[in-house]
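# Descriptive analysis of the structure
Here is what each chain is made of, one letter per residue.
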Amino acid sequence: VPRDTTSTLQTTLSCFDEVIENHEQSCSVHVTGLGNPIGGATVNIYYDNNVLFGTCTTDSISGGCYVNKIENTIGTYTVQATASLSGWHDGVSNTFTYDVLRERYNIVNLKVFNDAAFTQEDYTFYRGEDMYVSFESVDTENNNVPVPDLVSQVTLVRDRKSVV
């Protein structure tokens, strides 16, 4: 994409809505210019108090990059990204607010299966293959008593080597 000294980078920020204390928050940023993905942009993500959350550089395929950070303190946080690239006006993203929650529950007996009947345990999967997961949730503040129906949603997160 040709550089345009009069155009502003369009910058979009997305993070997990909730994370657990002492675990990783992952924020991804996508940068476009003139409707095309922009690679090589430097992205700085800041908390609303101007403390740096993290920095990444966008790739040329998707215009995306991500920053992972361990969140150690319970609370509500707001972050915003700024993208910079020579020849463009800096782009400022939307703000994103998320909660860091107290860690109280553990996942135990995690198993992955290749069938909906949960009979064939399997830990090797390829793109597009279905996987089925079973586990139990336990309350760490109540002698690890199982807590049925605690988890209502699960999200598969790509590893760090994947494209954003």
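Provided above is the structure to which this section pertains.
Now for a quick tour of the structure. All values derive from a computational prediction rather than experimental measurement.

## Considerations on the overall build of the protein chain
Helix and strand content of the protein chain: zero helices and 12 strands. Its helices and strands in sequence order give the protein chain the pattern β-β-β-β-β-β-β-β-β-β-β-β, from N to C terminus. At 20 Å, the protein chain has a C-alpha radius of gyration far larger than the 15 Å of a compact globule built from 164 residues. In terms of its C-alpha atoms, the protein chain occupies a principal-axis envelope of roughly 60 × 40 × 20 Å. Counting the 164 residues in the protein chain, one finds 29% classified as buried. The long-range share in the protein chain, meaning contacts at least 24 apart out of those at least 6 apart in sequence, stands at 57%. Accessible surface, the protein chain: about 10,400 Å² in total, of which carbon and sulfur atoms supply 48%.

## A closer look at the state of the cysteines
According to the stated counting rule, one finds two disulfides in the structure shown. The partner cysteine of Cys-15 in its disulfide is Cys-27, sulfur to sulfur 2.1 Å. The disulfide joining Cys-15 to Cys-27 has a torsion of about 110° about its S-S bond and is therefore right-handed. Remark: Cys-27 occurs in strand β3 (residues 23-33) and Cys-15 occurs in strand β1 (residues 10-15); sequence separation between them is 12 residues. In terms of burial, Cys-15 and Cys-27 fall into one category: buried. Each disulfide pairs two cysteine sulfurs, and for Cys-56 the partner residue is Cys-65, the sulfurs being separated by 2.1 Å.

## Describing the sheet that holds strand β10 (residues 105-113)
Strand-to-strand pairing in sheets goes through backbone hydrogen bonds, with the strands running parallel or antiparallel. Strands sit in the order β10-β11-β12 across an open sheet of three strands; the sheet is antiparallel. Here the strands that pair on one side only, and so sit at the sheet edges, are β10 and β12 (145-146). Pairing between β10 and strand β11 (residues 132-139): seven bridges, direction antiparallel. Counted as the bridge partner of Asn-106 is Val-138 from β11.

## Topic: the sheet that holds strand β9 (residues 91-101)
With mixed pairing, five strands are arranged side by side in an open sheet as β2-β9-β8-β5-β6. If you trace the sheet from one side to the other, it starts and ends with β2 (18-20) and β6 (52-57), each paired once. Taking the axes of each pair of neighbouring strands and ignoring which way they run, one obtains an average angle of 25° across the sheet. Both strand β8 (residues 75-84) and β9 contribute to a ladder of eight bridges, which runs antiparallel.

## What to know about the packing of aromatic side chains
On inspection of all chains with the given rule, the structure shows five aromatic pairs. Between the aromatic rings of Phe-118 and Tyr-132, the centroid separation amounts to 6.1 Å while the plane-to-plane angle is 75°, which identifies the pairing as edge-to-face. One end of the pair, Phe-118, is in the loop between β10 and β11; the other, Tyr-132, is in strand β11, and 14 residues separate them in sequence. The class for Tyr-132 is partly exposed, based on a relative accessible area of 26%. Taken together, Tyr-47, Phe-53, Tyr-77 and Tyr-98 form an aromatic cluster joined through their ring pairs.

Each value, and the rule that gives it
Along each chain, residue indices are assigned from 1 in the same order as the chain's sequence is written. Side-chain atom pairs in this predicted model are given and counted only at pLDDT of 80 or more, local residue features only at pLDDT of at least 70, and totals for whole chains, interfaces and linings cover all residues. Side-chain calculation: all heavy atoms of the structure are included, whereas hydrogens and water are not. Only DSSP runs of H or I with at least four residues qualify as helices, and only runs of E with at least two residues qualify as strands; both kinds are numbered from the N terminus onward. Radius of gyration: over C-alpha atoms. The globule rule applied is 2.2 Å multiplied by the number of residues raised to the 0.38 power. Each residue is assigned to one of three classes by its accessible area relative to the maximum for its type, calculated with a 1.4 Å probe on protein chains only: buried under 20%, partly exposed between the two thresholds, exposed over 50%. The contact criterion used is simple: two residues touch if any of their non-hydrogen atoms lie within 4.5 Å. What sets the accessible areas is the Shrake-Rupley method with a 1.4 Å probe; for residues, cover comes only from the shown protein chains. Note on disulfides: each one is a pair of cysteine sulfur atoms within 2.5 Å. For two strands to pair, DSSP has to find at least two bridges joining them. Geometry is summarised by axes, namely lines fitted to C-alpha atoms with helices restricted to the contacting stretch, and by angles between N-to-C directions that run from 0 to 180 degrees. Aromatic rings from Phe, Tyr and Trp, with only the six-membered ring used for Trp, were paired whenever their centres fell within 6.5 Å, and each pair was classed as stacked if the ring planes differed by under 30 degrees, edge-to-face if by over 60, and tilted otherwise.

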